[in-house]
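For reference, the chains in residue letters:
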Amino acid sequence: MRILLLAPPGAGKGTQADRISVHFGIPHISTGDLFRRHVAERTPLGLEVEEYLRRGDLVPDDIVLGIVEEAVADAVARTGGYLLDGFPRTLAQARRGYRIAVRLGATVHGVLHFDVREPELLRRLLERATTEGRDDDTEATIRHRLDVYKTETEPLLDYYRGRGVLVTVSGEQPVDDVTAESIAALEAIRQKAGA
Ligand code: ADP
């Protein structure tokens with residue numbers, strides 16, 4: 001089973017992706033987590049992307065595509081599947097990602113979208129800022145990440161809807177309900193695809 005997860009900052013991507021990937025027995029690939037690990041380990045790639053993450057700006061496509069291709073190729077070799085969380089974030093990334101997936105024989109079966117209204121996202125992210133305190137959880141950066149999502153990433157919803165692979169689940173329900181609804185929708189897609 002190969003799935004993309006498309007949702008704004010604060011929608012609960014990380015929690016849900018962990019659960020859904022366990023259900024389907026596929027690796028959870030989070031581009032944000034991969035970048036944060038590189039930053040924490042002070043790798044050359046980490047030093048290159050650190051400022052983008054701190055500002056809440058998108059990392060340049062060539063860097064993103066490099067780590068995505070490596071992680072997806074590895075996941076496909078091991079399990080045949082993946083749950084990709086945080087990619088693509090732009091139409092250009094979607095197009096390039098598709099070409100890579102075709103080359104690997106591993107295009108996606110479904111794209112899962114969590115719908116959460118902006119005031120709720122802002123509330124959650126500001127609350128998380130006071131507890132976990134990720135480096136990009138300052139109010140200015142949070143607002144910027146939400147803007148970037150709206151202008152760069154949200155247009156992808158139409159792109160995938162047009163291809164008939166988009167599933168939208170309300171991310172404002174209790175966490176367990178979001179998980180259950182997501183898994184049910186994806187299981188229906190899996191049956192249809194025979195994956
Ligand atoms: P959130 O969705 O809460 O902003 P993520 O962990 O998904 O958190 O992403 C954190 C940061 O990592 C982004 O603000 C961006 O700087 C970088 N990043 C992650 N994925 C991508 C991507 N596909 N393209 C460009 N930058 C990315």
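Our subject is the structure listed above.
Residues numbered from 1 in each chain as written. Predicted model: local features only at pLDDT ≥ 70, side-chain atom pairs only at ≥ 80, totals over all residues. Heavy atoms only, no water.

Position of T90 among the secondary structure elements: in the loop between strand 3 (82–85) and helix 5 (91–104). Residue T90 is classed as buried on the basis of its relative accessible area, which comes to 9%. Those residues in contact with T90, other than ones at most four positions away along the chain, are L58, D61, E152 and L156. (Helix = DSSP H or I, 4+ residues; strand = E, 2+ residues; numbered from the N terminus. Buried < 20%, exposed > 50% of the residue type's maximum accessible area, 1.4 Å probe, protein only. Contact = heavy atoms within 4.5 Å.)

In this section: the sheet that holds strand 4 (residues 110–115). Read from one edge of the open sheet, 5 strands run 2-3-1-4-5, paired in parallel fashion. Two strands bound the open sheet, and with one partner strand each, they are strand 2 (28–30) and strand 5 (166–170). Ignoring which end each strand starts from, the neighbouring axes of this sheet average 20° apart. Relative to strand 5, strand 4 runs parallel, the two sharing 5 bridges. If you follow D115 over to strand 5, its bridge partner there is S170. (Pairing = 2+ DSSP bridges. Axes fitted to C-alpha atoms, helices over the stretch in contact; angles between N-to-C directions.)

On to helix 3 (residues 44–55). Side chains of residues three or four places apart in an α-helix project in the same direction, reflecting 3.6 residues per turn. Restricting attention to buried positions, one finds in helix 3 the residues G46, V49 and L53. Buried residues in helix 3, looked at end-on, bunch into an arc of 85°, giving them a common side. Projecting away from the buried face of helix 3 at angles above 90 degrees are the exposed residues P44 and E48. Those residues of helix 3 that are buried lie in contact with helix 2 (31–40) and helix 4 (61–79). Downstream of helix 3 by a residue or two, G56 has a phi angle that is positive, lying close to 80°. (Arc of directions from axis to C-beta.)

Ranked by internal contacts, the top residues of the largest apolar core, which has 32 residues, are I29, F35, Y82, L84 and Y160. Only strand 1 (2–6), helix 2, helix 3, helix 4, strand 3, helix 5 and helix 8 (155–162) provide two or more residues apiece to this core. Per element, the largest residue contribution to this core is 9 residues, and it comes from helix 4. Among the nonpolar cores identified, the runner-up in size contains 24 residues, and I26, L121, I142 and L146 belong to it. (Core = buried A, V, L, I, M, F, W, Y, C linked by side-chain atoms within 4.5 Å.)

Residues in close proximity to the ligand total 18 residues, the closest being K13, T31, D57, G86 and R145. Measuring from an oxygen atom of the ligand, one finds a side-chain N or O atom of R134 at 3.1 Å. Calculation on the ligand without its partners gives an accessible area of 550 Å², and the protein chains cover 97% of this total. Secondary structure elements with two or more residues in the shell around the ligand: helix 2 and helix 3. Sorting elements by how many residues they give to the shell around the ligand places helix 2 first, with 4 residues. (Near = heavy atom within 4 Å. Polar contact = N/O pair within 3.5 Å; in protein donor to acceptor, adjacent residues only side chain to side chain. Areas by Shrake-Rupley, 256 points an atom, 1.4 Å probe, with all protein chains shown as cover.)

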